[in-house]
Amino acid sequence: MPHIGAPQAPVVNIFHEQGPIAGQPCPEPPAPPESSPRETWAGRYEFLLSCLGYCVGLGNVWRFPYLCYRNGGGVFLIPYFIMLFLTGLPLFLMELSLGQYGAAGPITVWKCCPILRGVGVGMLIVSSLVSLYYNVIIAWAFYYLGSSFQSPLPWSCDAPRNAELCQVGVPGLGPGGQMLQGARGGSLGPSFACSRRGGGRWLGWGWGWAGRMMVMVTVMVTLLCCRTHRGAPPTPAPARLSGSKSGGDRSWDGAEPTGSSRWCWRLCERQRGGRGRCGGGEGALQQGDSWCQCCALHPVPLTCVPASPCLSEQVLGVTHSSGLGDPGPVQWPLALCLLAAWVVVFLCMLKGIRSSGKVVYFTATFPYLVILILIIRGATLNGSLNGVRFYLSSDWSKLQSAQVWSDAASQIFYSLGIGFGGLLSMASYNKFDNNVIRDTLVIAIGNCCTSFFTGFAIFSVLGHMALKKGVPVGSVADSGPGLAFVAYPEALSLLPGSPFWSILFFLMLFTLGVDTMFGNIEGITTAILDEFPALREWRRKALFLGALCISFYLLGLLLITQGGIFWFTLIDTYSTGFGLVIITLFMCLGISFCYGINQFCQDIRDMICQCPPWCSHMLGYFRVCWVFFTPCLLLFTLIYTFLEMYGVPLRYGSYTYPAWGTSLGICVGVLTCLQVPLWATVALCRESGTLSDRIQKATQPLNSWRAASGRDVSAEVINVPFTITLTSSDFTAQPDSNT
């Protein structure tokens, strides 16, 4: 014991909270107690199915098969899987690991590197924009699903209401001038049902005498228009033809005709096999010819109609809108379908992952059952091998095109759902010791294999339709909504028992879309609930989720007006364009160089308690990708996206977006990108010292980051009613003769 008059020795109170040690960041104040603990998945399979359902979406059905045949068939699989292993898998693992280790949503998880908090806010904005328009696609699927409960299908020539219209025009000719299979048993696509119905009893909702009058007026205007323009050419219209694009084709450079003349103009452009162009050959249009002369030089039968009339005329009502500035009224049948879609999402997400985790047992597995059934059914159809051969035909010269590699990178990027925040949010509900590397391989490779095998289900049926129509497979293949809501439904209408196949297909589209919506909404709600833990209380969470769904529904009404498809295309193009690539690039660079790639790999090892040897080898491979290959490929994708954006004007069909519309879309993408420098500035302003000191502090993890890592440290803390005070002599080793 020290002498009474001697200076006091330094003391250390090991249970008393001391001030911050010099050189270390100040600890955050203790967080307020949460009203409700954070949820966790009931089982590992719920997480796997939720992530798989989130990744396997509509793009696997309507985009990958189209990209495959457009970019060299089977050759496209080479750049596709290269991009998967160099970009897709590393980014997928990064998001899952970040969410699982931090046990937090897209915003709160950036306590590991506060200067990159804007990346999480950008993810929140992207998920909100995607949720806004993605549920509109589910509403379309609802609409078509309801119309499929009719025998025969409304877009089939077997429907009695379409018998007369199927026989109108040049006998034996169908869309584009191809031979028909007969008025009974053939299919002219959804066009005739739409023209005949005029918006009538497609979903069983009769519009009475008003609907019948609309049908009569539509048919009379169509007949009058095409009869007029088969004769001598009338007064030239404002739309003129400009220089040649390829061969003898001419593209329109003026405004699209409106009113009744629009019908004949569209018949002409469909007859010529292009959008807004007239073909060469005998009687080809010369410089200065108008669209009226197109009708005069090339008579078109009434059966020559737009390629997607049911989608564009009845479901969307786009023929009544001139563009972005003319949205028109809301399509109320679609409004009801959109409301039903949001009600389904609300009910399934009401209890968070506890409810959605049970729903995915059906919604994530049912599409695989339908795809398997469609593959087996397609293999029994005549002409199916032609479709499969067209799907997988190899063109090795395509590998020299940068477009092919860009398409492969973008398809991997978007199909895996990277950068949206959904993966990170779902992984945050995992147990801390979950093997995240194993889950990455299972989900990502399973998603890509699903895309590949879906192509067989699509092209086998399209090959059958092409054989029955006597046209090449390429003339019936399409991408996007044109495939899911035009080409494939028409092909299904040719099969025996077509209502059954149509119901299966659109029910599959519905489940695919709902699964993706679960991930998007989970990303939004997790981000907000982690920032405001008081909202986790059940009633508050229900009110918050209800307000969120109602807000999205009201905003989505713009997308189901008569001109809503133009806004839909604009948001779809720019919300997931360069902005998403930029925030993902910042995520990769921030984790690799700010947080530290060595520390991140160690975090993954800490989560996988018993790390198998193959996991250690995989981590070495991922380390190289995170530092070099993945950022370089993301930069390549970003540069090509900018070149394509400025080199190719945005179009929907023959409609070219005005400059103000394109500028608005760019602003949407810029809004996402601005979050990174904006929140980085906020993080720097919160620190003190010189600029270099502020940057150093803003890139260091907060003290609460380790506390949120998922470890249960509460059991290791012992609360005692006293303190123990140690002096300097307690830290001095005393000699012991026994040692």
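Since the model is a prediction, treat every value here as computed from it, not as a measurement.

Participant: Looking at this model, I keep getting lost on the overall build of the protein chain. Mind explaining?
Facilitator: Secondary structure summary: the protein chain contains 27 helices and seven strands in total. When the 739 residues of the protein chain are sorted by exposure, 53% land in the buried category. For the protein chain, the share of sequence-separated contacts (at least 6 apart) that also reach a separation of at least 24 residues comes to 83%. Of the roughly 31,900 Å² of accessible surface on the protein chain, a fraction of 64% belongs to carbon and sulfur atoms.

Participant: How should I be thinking about the packing of aromatic side chains in this particular structure?
Facilitator: Considering all chains together, one arrives at 42 aromatic pairs under this definition. Ring plane angle 85° and centroid distance 5.7 Å describe the contact between Trp140 and Phe485, whose orientation is recorded as edge-to-face. Of this pair, Trp140 sits in helix 5 (residues 117-147) while Phe485 sits in helix 19 (residues 481-492), placing them 345 residues apart in sequence. When sorted by exposure, Trp140 lands in the same class as Phe485, which is buried. Centroid distance Phe505 to Phe506: 5.3 Å. Interplanar angle 70°. Geometry classified as edge-to-face. The residues Phe505 and Phe506 share a single accessibility class, namely buried. An aromatic cluster is built from Trp62, Tyr133, Trp140, Tyr144, Phe485, Tyr488, Phe505, Phe506 and Phe568, whose rings are joined through pairwise contacts.

Participant: What exactly am I supposed to notice about helix 14 (residues 366-379) here?
Facilitator: An α-helical segment advances 3.6 residues per turn. Residues three or four places apart therefore align on the same side. Over its 14 residues, helix 14 extends 20 Å from the first C-alpha to the last, a length consistent with the 20 Å expected when each residue adds 1.5 Å. Those residues of helix 14 lying buried are Phe366, Pro367, Val370, Ile371, Leu374 and Gly378. What you see down the axis of helix 14 is that its buried residues fit within an arc of 135°, all on one side. Facing away from the buried side of helix 14 by over 90 degrees, the exposed positions are Ile376 and Ala379. Close packing links the buried residues of helix 14 with helix 13 (353-363), helix 15 (384-392), helix 18 (436-469), helix 19 and helix 20 (498-531).

Participant: I would appreciate a short explanation of the side chain of Asn435 in the present structure.
Facilitator: When you line up the elements, Asn435 lands in the loop between helix 17 (422-427) and helix 18. A polar contact of 3.1 Å, which involves the side chain of Asn435, links it to the backbone nitrogen of Arg438. With near-sequence residues (within four places) excluded, Asn435 lies in contact with Ile608 and Cys615.

Participant: It is not clear to me how the packing of helix 25 (residues 659-686) against helix 26 (residues 691-698) should be interpreted in this structure. Could you clarify?
Facilitator: Describing two packed helices takes the angle between their axes plus the distance from one axis to the other. Orientation of helix 25 relative to helix 26, taken along the N-to-C sense of each, is 110°, at an axis distance of 8 Å. The orientation of helix 25 with respect to helix 26, classified from their angle, is roughly perpendicular. Residues Ala683, Leu684 and Cys685 of helix 25 form the contact with helix 26, whose participating residues are Arg694, Ile695 and Ala698. Here the contact of helix 25 with helix 26 is composed, by residue class, of five nonpolar, no polar and one charged.

Participant: Before we go on, may I ask you to explain the pattern of salt bridges in this structure?
Facilitator: A pair can form between side chains of opposite charge whenever their charged atoms are brought close. In the structure shown here, the tally under the stated rule is seven salt bridges. Note that Lys469 and Glu490 form a salt bridge whose closest N and O atoms lie 2.2 Å from each other. Of the two residues, Lys469 is situated in helix 18 and Glu490 in helix 19; the sequence distance between them amounts to 21 residues. Pair check on accessibility: Lys469 and Glu490 agree, each one buried.

Participant: Could you clarify how one ought to interpret unusual backbone geometry in this entry?
Facilitator: Excluding glycine, residues mostly carry a negative phi; peptide bonds, for their part, are mostly trans. Phi at Ala103 takes a positive value of approximately 50°, unusual for a residue other than glycine. Looking at the secondary structure, you find Ala103 in the loop between helix 4 (77-102) and helix 5. Given the relative accessible area of 22%, Ala103 is considered partly exposed.

Participant: Hey, could you run me through the nonpolar core in this one?
Facilitator: A general feature of soluble globular proteins is that nonpolar side chains tend to end up buried together. Core analysis: the largest hydrophobic core is formed by 185 residues, its most contacted members being Trp110, Leu462 and Leu509. Those residues in contact with Trp110 that sit more than four places away from it in its chain are Leu98, Leu116, Arg117, Val119, Gly120, Met587 and Ile591.

Participant: Would you mind going over the packing of helix 12 (residues 332-349) against helix 20 with me for this structure?
Facilitator: Two elements in contact, helix 12 and helix 20, have axes whose closest approach is 10 Å; the angle formed by their N-to-C orientations is 55°. With respect to helix 20, the element helix 12 is oriented oblique. The way helix 12 lies across helix 20 gives a crossing that is right-handed. Contacts from Trp342, Val344, Val345, Cys348 and Met349 in helix 12 reach Phe510, Met517, Phe518, Ile521 and Glu522 in helix 20. Residue composition of the contact of helix 12 with helix 20, by class: nine nonpolar, no polar and one charged.

Participant: Mind showing me how you'd approach the confidence of the model for the protein chain here?
Facilitator: When pLDDT drops low, the exact placement of atoms in the prediction is not to be read closely. Here the protein chain shows a mean pLDDT of 75. Residues at 70 or above account for 68%. In the model, residues 9-35 has pLDDT below 50 throughout and makes 30 contacts with residues more than four positions away in sequence or in other chains.

Participant: How should the environment of Trp614 be read in this particular structure?
Facilitator: By the secondary structure assignment, Trp614 is in helix 24 (residues 613-647). Classification of Trp614 as partly exposed rests on a relative accessible area of 38%. Distance from Trp614 to Ile437, taken between C-alpha atoms, is 10.0 Å for residues 177 residues apart in sequence. Ignoring sequence-local partners within four residues, the contact set of Trp614 consists of Ile437, Arg438 and Leu441.

About the criteria used
- Residues numbered from 1 in each chain as written.
- Predicted model: local features only at pLDDT ≥ 70, side-chain atom pairs only at ≥ 80, totals over all residues.
- Heavy atoms only, no water.
- Helix = DSSP H or I, 4+ residues; strand = E, 2+ residues; numbered from the N terminus.
- Buried < 20%, exposed > 50% of the residue type's maximum accessible area, 1.4 Å probe, protein only.
- Contact = heavy atoms within 4.5 Å.
- Areas by Shrake-Rupley, 256 points an atom, 1.4 Å probe, with all protein chains shown as cover.
- Phe/Tyr/Trp six-rings, centres within 6.5 Å; stacked < 30°, edge-to-face > 60°.
- Expected span 1.5 Å × (residues − 1).
- Arc of directions from axis to C-beta.
- Polar contact = N/O pair within 3.5 Å; in protein donor to acceptor, adjacent residues only side chain to side chain.
- Axes fitted to C-alpha atoms, helices over the stretch in contact; angles between N-to-C directions.
- Parallel < 35°, antiparallel > 145°, perpendicular 65-115°, else oblique.
- Nonpolar A, V, L, I, M, F, W, Y, C, P; charged D, E, K, R; others polar.
- Salt bridge = Lys/Arg side-chain N within 4 Å of Asp/Glu carboxyl O.
- Core = buried A, V, L, I, M, F, W, Y, C linked by side-chain atoms within 4.5 Å.
- Left-handed = near helix turned anticlockwise from the far one by under 90°.
- pLDDT = per-residue confidence, 0-100.

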